[in-house]
Amino acid sequence: MDLQTSVKTCLTQKYVGFSGRASRSEYWWFVLVVVIGGIIASLLGSWIVLIYYLALLSPMAAAGYRRLQDTGRPGWQIFIPMGLGLLGMVFMPSAPVVDGGQVTNMPSMGSMGFMALFGLVQLVVGLVFLWWLTRPSEPEANQYGPVPAT
């Protein structure tokens, strides 16, 4: 599957389609376009980036879901790294406040240690999912559907 077909498939035909399978080329071409679009959106302003990523949250989750199913894994697992990212944002300690050249309101060492450990867990989970998303398709039809077009 080429870049144009991949983007067309992910944004029009399967915008929020969580059933079926997605080939490596479909998934990774779409990820490339999303990343390049994110870089361009970041040059235009923070509100544009927020709107851009909110608009692409569902199709990215759906594409990852289908990609995991293509490798024979349950697609719902794509929400594990997403959930860890959200938890990290919720529990992140507050930044130190600088008032008149003096630092006030420093985060505790316990919260900083927890975030360091949590960051390490996120890194390991991210690497595992990167490995899973780059694995070849199962060569024959699996419980999630027929072999996708490449």
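Going by the structure above, here's the rest.
> Looking at this structure, I do not really get the packing of helix 2 (residues 24-44) against helix 3 (residues 46-70). What am I missing?
Packed helices, taken two at a time, are described by the angle between their axes plus the distance between the axes. For the pair helix 2 and helix 3, interaxial distance at closest approach is 10 Å and the crossing angle is 170 degrees. In terms of orientation, helix 2 and helix 3 fall into the roughly antiparallel class. Residue-level inspection shows R24, E26, Y27, F30, V31, V33, V34, G37, G38, A41, S42 and L44 of helix 2 in contact with helix 3, the latter providing I48, V49, Y52, Y53, L56, P59, M60, A63, G64, R66 and R67. Its residues assigned to classes, the contact of helix 2 with helix 3 comprises 15 nonpolar, 4 polar and 4 charged.

> Would you mind showing me how to read helix 3 here?
Working note: α-helix, 3.6 residues per turn, so residues spaced by three or four point in the same direction. The terminal C-alpha atoms of helix 3 lie 35 Å apart, and with 25 residues this matches the ideal 36 Å at 1.5 Å per residue to within 8%. The largest bend in helix 3 comes to about 40 degrees, at L57, with the proline P59 one to four residues further on. Just downstream of helix 3 lies G72, where phi reads positive at about 90 degrees.

> How should I be thinking about the nonpolar core in this particular structure?
As a rule of thumb, soluble globular proteins bury nonpolar side chains together. With 16 residues, the main nonpolar core has Y27, F30, A63, L68, I78, F129 and L133 as its most contacted residues. Among the elements of the structure, helix 2, helix 3 and helix 5 (109-133) are those that each provide at least two residues to this core. Residue contributions to this core peak at 5 residues, all from helix 5.

> What am I meant to see in the packing of aromatic side chains here?
Any pair of aromatic rings gets described here by the distance separating the centres and the angle formed by the planes. Throughout the structure, instances matching the rule amount to 7 aromatic pairs. Arranged with centres 6.4 Å apart and planes meeting at 35 degrees, the rings of F18 and F79 form a pair that is tilted. Remark: F79 occurs in helix 4 (residues 79-91) and F18 occurs in the loop between helix 1 (3-13) and helix 2; sequence separation between them is 61 residues. The partly exposed category is assigned to F18, whose relative accessible area is 30%. With centroids separated by 5.1 Å and ring planes inclined at 75 degrees, the aromatic side chains of Y52 and Y53 adopt a geometry described as edge-to-face. By the ring-pair criterion, three or more aromatic residues cluster together here, those being F18, Y65 and F79. Directly above the aromatic system of W131 lies the positively charged group of R135, at a separation of 3.5 Å from the ring centroid.

> Is there a simple way to explain helix 5 in this structure?
The end-to-end C-alpha distance of helix 5 is 36 Å, a good match for the 36 Å that 25 residues give at a rise of 1.5 Å each. Lining the buried residues of helix 5 we find helix 2, helix 3 and helix 4.

> Can you help me understand the packing of helix 4 against helix 5 in this one?
One way to put it is that helix 4 packs onto helix 5 with a least axis distance of 10 Å and a crossing angle of 165 degrees. With respect to helix 5, the axis of helix 4 lies roughly antiparallel. Crossing of helix 4 against helix 5: the hand is left-handed. Here I80, P81, L84, G85, L87, G88 and F91 of helix 4 come into contact with helix 5, specifically with F114, M115, F118, Q122, V125 and F129. For the contact of helix 4 with helix 5, a count of residues per class yields 10 nonpolar, 3 polar and no charged.

Conventions used here
Residues numbered from 1 in each chain as written. Predicted model: local features only at pLDDT ≥ 70, side-chain atom pairs only at ≥ 80, totals over all residues. Heavy atoms only, no water. Axes fitted to C-alpha atoms, helices over the stretch in contact; angles between N-to-C directions. Helix = DSSP H or I, 4+ residues; strand = E, 2+ residues; numbered from the N terminus. Parallel < 35°, antiparallel > 145°, perpendicular 65-115°, else oblique. Contact = heavy atoms within 4.5 Å. Nonpolar A, V, L, I, M, F, W, Y, C, P; charged D, E, K, R; others polar. Expected span 1.5 Å × (residues − 1). Bend = angle between axes of the 7 residues up to and from the residue. Core = buried A, V, L, I, M, F, W, Y, C linked by side-chain atoms within 4.5 Å. Buried < 20%, exposed > 50% of the residue type's maximum accessible area, 1.4 Å probe, protein only. Phe/Tyr/Trp six-rings, centres within 6.5 Å; stacked < 30°, edge-to-face > 60°. Lys NZ or Arg CZ within 6 Å of the ring centre and 35° of its normal. Left-handed = near helix turned anticlockwise from the far one by under 90°.

Geometric descriptors of this kind do not, in isolation, establish any biological role.
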